[in-house]
Amino acid sequence: EILAEKRQKNLCLYVGKESKKTAGITTLIKHYYCCFSNILEKVVQVEARKQLGLNFGSGSSPNCRGLTLDELARIDFSKMDFSEVARDI
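Undergrad: Can you walk me through the overall build of the chain in this structure?
TA: Across its full length, the chain carries 4 helices and 4 strands. In the chain, the order of α-helices and β-strands from amino to carboxyl end is α-β-β-α-β-β-α-α. For a compact globule of 89 residues, the expected C-alpha radius of gyration is about 12 Å, and the chain comes in at 16 Å, more than 25% above that figure. When its C-alpha atoms are laid out on the principal axes, the chain stretches across 50 × 30 × 15 Å. The contacts in the chain between residues at least 6 apart in sequence include a share of 46% that link residues at least 24 apart. Total accessible area on the chain is roughly 6100 Å²; 52% of this is exposed by carbon and sulfur atoms. Charge centroids of the chain, computed over 14 positive and 11 negative side chains, lie 8 Å from each other.

Undergrad: Please clarify how the pattern of salt bridges should be interpreted in this entry.
TA: Between side chains of opposite charge, pairing is possible as soon as their charged atoms come close. Applying the stated criterion to the full structure yields 6 salt bridges. A salt bridge links Arg74 to Asp70; the nearest nitrogen and oxygen atoms lie 2.9 Å apart.

So, how was this worked out
Residues numbered from 1 in each chain as written. Predicted model: local features only at pLDDT ≥ 70, side-chain atom pairs only at ≥ 80, totals over all residues. Heavy atoms only, no water. Helix = DSSP H or I, 4+ residues; strand = E, 2+ residues; numbered from the N terminus. Rg over C-alpha atoms; globule rule 2.2 N^0.38 Å. Contact = heavy atoms within 4.5 Å. Areas by Shrake-Rupley, 256 points an atom, 1.4 Å probe, with all protein chains shown as cover. Lys, Arg positive; Asp, Glu negative; His and termini not counted. Charge placed at Lys NZ, Arg CZ, Asp CG, Glu CD. Salt bridge = Lys/Arg side-chain N within 4 Å of Asp/Glu carboxyl O.

None of the figures reported here should be taken as evidence of function without further support.
Okay, here's the thing in structure tokens:
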């Protein structure tokens, strides 16, 4: 799927933008998103990162990596908000 399709399906999170300036003029702006295969994957990533104190980085340094097994083991799934998944079903 292309970015526009994933964004339309609410499978992406906006991370930020990166701008390049040449001679004081902005010449390039890139927007960065972390996108996921399905809504459950997105919710688990978002909710787990809240518990673990992790973020998705910034436009100049996006961090869309998956979670490690150690990180997954430290998550309390009972504290996760799965309402977005329920709405999608």
